[in-house]
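# A look at the structure
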Amino acid sequence: MKILRKALIVLFISSTFLFADEVYQVQKGDTLYSISRKYQITVAELRTANNLKDSDVLKAGQRLVIPTADISTAAALSSSNKQEKTKTTKKSETSVYTVQKGDTFYSLARKNGMTVPELLALNDLDSNAVLKTGQKLKVRKTENTSTEVVIKPAGTETKAVIPETVPDTRNYGVTKTDTSTSWPVKNPKITYIKGKVSGVQLACNSNESVVAVREGTVMYVGLYRGFGQVLFIQSKTGLIYAYTGMGSVSVKKGDYVTFGTKVGTAGVDSIKGTPQITFMVFQNGTAIDPAKAPRG
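Below is a short write-up of the structure.

### Some details on the overall build of the protein chain
Each helix and strand in the protein chain was counted, giving 6 helices and 15 strands. Long-range pairs, those at least 24 residues apart, make up 65% of the contacts in the protein chain with a sequence separation of at least 6. Here the protein chain has roughly 16400 Å² of accessible surface; of this, 54% comes from carbon and sulfur atoms.

So this is what it looks like as structure tokens:
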């Protein structure tokens, strides 16, 4: 009986680690920015996952949840205000949840099979919102709330290592050319990418200039896990235009760019080895067809 009890305890501990988030223990001198760069995610994602305010100061020994990188969430949380609501004809049942101590938007979204942007939009909250104990939130009803995420021991340092050669698992759609639409590069070969995040790959010339197709404010510049050098530009209507896989970026966060402004140069696809960028447009965290997004 004792052996069985010990085995169950080991199994419980193992399953707890298997279905838990990665945790990082803050070291002396760490900042949200330095930790976000280490894990190649945005500060906004890190802050949201840990229910931190802009004014909160990290303390050595503090444990932070490191959220799974999701560029659609990163785009939504990088916005400076509420974005346009995503129109949908699909209705889902909701229930009311009372926020408990320790809850975050990230943990509640995962528990209820939602994304953080969906949870924020459902409750008419912006990306700067912070949860308070006792607060009432609408959540989507769901049966399966488990998400498998491998945990790493607190305090361990993760180095961002990109393999030199990896199999291409991307799901490609239609490849075409489109001379009637303004694109970030000239006369690109356009390949649609299908999957969780939809967008287009734009094949171009080596080190070709990349220009803004919509005026707006630069909200984020930096490496993002799985997407290389990334640039987010938010239009006045709240859409986020994401230019990823850049070779270089010539603008900085806070800059206001106009249509046709050079924002950097094209990079090289790490798998194909060909010059190109990936271009996506997000509305409230939901990817829309880049060809149909407003220009100018």
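### Some thoughts on empty space enclosed by the protein
It is the rolling of a water-molecule-sized probe over the atoms that shows where space remains empty. Inspection of the entire model under this criterion finds 2 cavities of 30 Å³ or more. Empty space within the second largest cavity amounts to approximately 80 Å³. Lining of the second largest cavity is provided by A44, R47, T48, N51, L52, D54, S127, N128, A129 and V130. In the lining of the second largest cavity, the residues fall into 4 nonpolar, 4 polar and 2 charged.

### Observations concerning the packing of aromatic side chains
Working definition: an aromatic ring pair is given by the centre-to-centre distance plus the angle between the planes. Applying the stated rule across the entire model yields 6 aromatic pairs. With centroids separated by 5.9 Å and ring planes inclined at 75 degrees, the aromatic side chains of Y24 and Y39 adopt a geometry described as edge-to-face. Note that Y24 is positioned in strand β1 (residues 22-25) and Y39 in helix α2 (residues 32-39), a separation of 15 residues in sequence. Like Y39, Y24 is buried. Judged by centre distance (6.3 Å) and plane angle (85 degrees), the rings of W183 and F279 are edge-to-face. With W183 in the loop between β5 (171-176) and β6 (189-194) and F279 in strand β14 (residues 275-283), this residue pair connects regions lying 96 residues apart in the sequence. Accessibility classification places W183 together with F279 in one group, the buried group. Linked through ring pairs, W183, Y241, Y243 and F279 together constitute an aromatic cluster. Stacked on the ring of W183, the Lys or Arg R295 has its end atom at 4.9 Å from the ring centre.

### What to know about the side chain of Q201
Note on placement: Q201 falls in strand β7 (residues 199-203). A relative accessible area of 2% means that Q201 is categorised as buried. Separated by 3.3 Å, the side chains of Q201 and Q276 make a polar contact.

### Here's the deal with unusual backbone geometry
Of note, the phi angle at N187 is positive, near 45 degrees, even though the residue is not glycine. For N187, the position within the fold is in the loop between β5 and β6. In this model, N207 sits at a positive phi of 60 degrees, which is unusual for a non-glycine residue. Examined against the element boundaries, N207 turns out to sit in the loop between β7 and β8 (209-211). Of the residues examined, N207 reaches a relative accessible area of 56% and is grouped as exposed.

### Focus: the environment of T181
Tracing the backbone shows T181 in the loop between β5 and β6. It is 9.6 Å that separates the C-alpha atoms of T181 and V213, two residues lying 32 residues apart in sequence. Not counting residues up to four positions away in its chain, the partners in contact with T181 are A291 and R295.

### Things to note about α2
Turning to α2, its buried residues are L32, I35, S36 and Y39. Projected down its long axis, α2 shows its buried positions confined to an angular sector of 100 degrees, all on one face. Buried residues belonging to α2 abut β1, α3 (43-49) and β2 (63-66).

### Focus: the nonpolar core
Where a protein is soluble and globular, its nonpolar side chains tend to be buried together. Judged by nonpolar contacts, the single largest core of 25 residues is most densely connected at L202, V210, I233, Y241, Y243, V263 and F279. Secondary structure elements with two or more residues in this core: β6, β7, β10 (228-234), β11 (240-249), β13 (262-268) and β14. With near-sequence residues (within four places) excluded, F279 lies in contact with W183, P184, G199, V200, L202, V213, Y241, A242, Y243, P290 and R295. Ranked by size, the runner-up nonpolar core spans 24 residues in total, among them V26, I35, M219 and F232.

### Remarks on the pattern of salt bridges
In the structure shown here, the tally under the stated rule is 4 salt bridges. As a salt-bridge pair, R140 and E118 come within 3.7 Å of each other at their nearest N and O atoms. Of this pair, R140 sits in strand β4 (residues 136-140) while E118 sits in helix α6 (residues 116-122), placing them 22 residues apart in sequence. Residue R140 is classed as partly exposed on the basis of its relative accessible area, which comes to 24%. Taking relative accessible area as the criterion, E118 reaches 34% and is therefore assigned partly exposed. Two residues, D255 and K252, come together in a salt bridge whose shortest N-O distance is 3.3 Å.

Rules used throughout
- Residues numbered from 1 in each chain as written.
- Predicted model: local features only at pLDDT ≥ 70, side-chain atom pairs only at ≥ 80, totals over all residues.
- Heavy atoms only, no water.
- Helix = DSSP H or I, 4+ residues; strand = E, 2+ residues; numbered from the N terminus.
- Contact = heavy atoms within 4.5 Å.
- Areas by Shrake-Rupley, 256 points an atom, 1.4 Å probe, with all protein chains shown as cover.
- 1 Å grid on protein atoms, 1.4 Å probe; cavity = no way out; pocket = protein on both sides within 12 Å on 5 of 7 lines; lining within 4 Å.
- Points joined across faces, edges and corners; volume = space filled by probe spheres on them.
- Nonpolar A, V, L, I, M, F, W, Y, C, P; charged D, E, K, R; others polar.
- Phe/Tyr/Trp six-rings, centres within 6.5 Å; stacked < 30°, edge-to-face > 60°.
- Buried < 20%, exposed > 50% of the residue type's maximum accessible area, 1.4 Å probe, protein only.
- Lys NZ or Arg CZ within 6 Å of the ring centre and 35° of its normal.
- Polar contact = N/O pair within 3.5 Å; in protein donor to acceptor, adjacent residues only side chain to side chain.
- Arc of directions from axis to C-beta.
- Core = buried A, V, L, I, M, F, W, Y, C linked by side-chain atoms within 4.5 Å.
- Salt bridge = Lys/Arg side-chain N within 4 Å of Asp/Glu carboxyl O.

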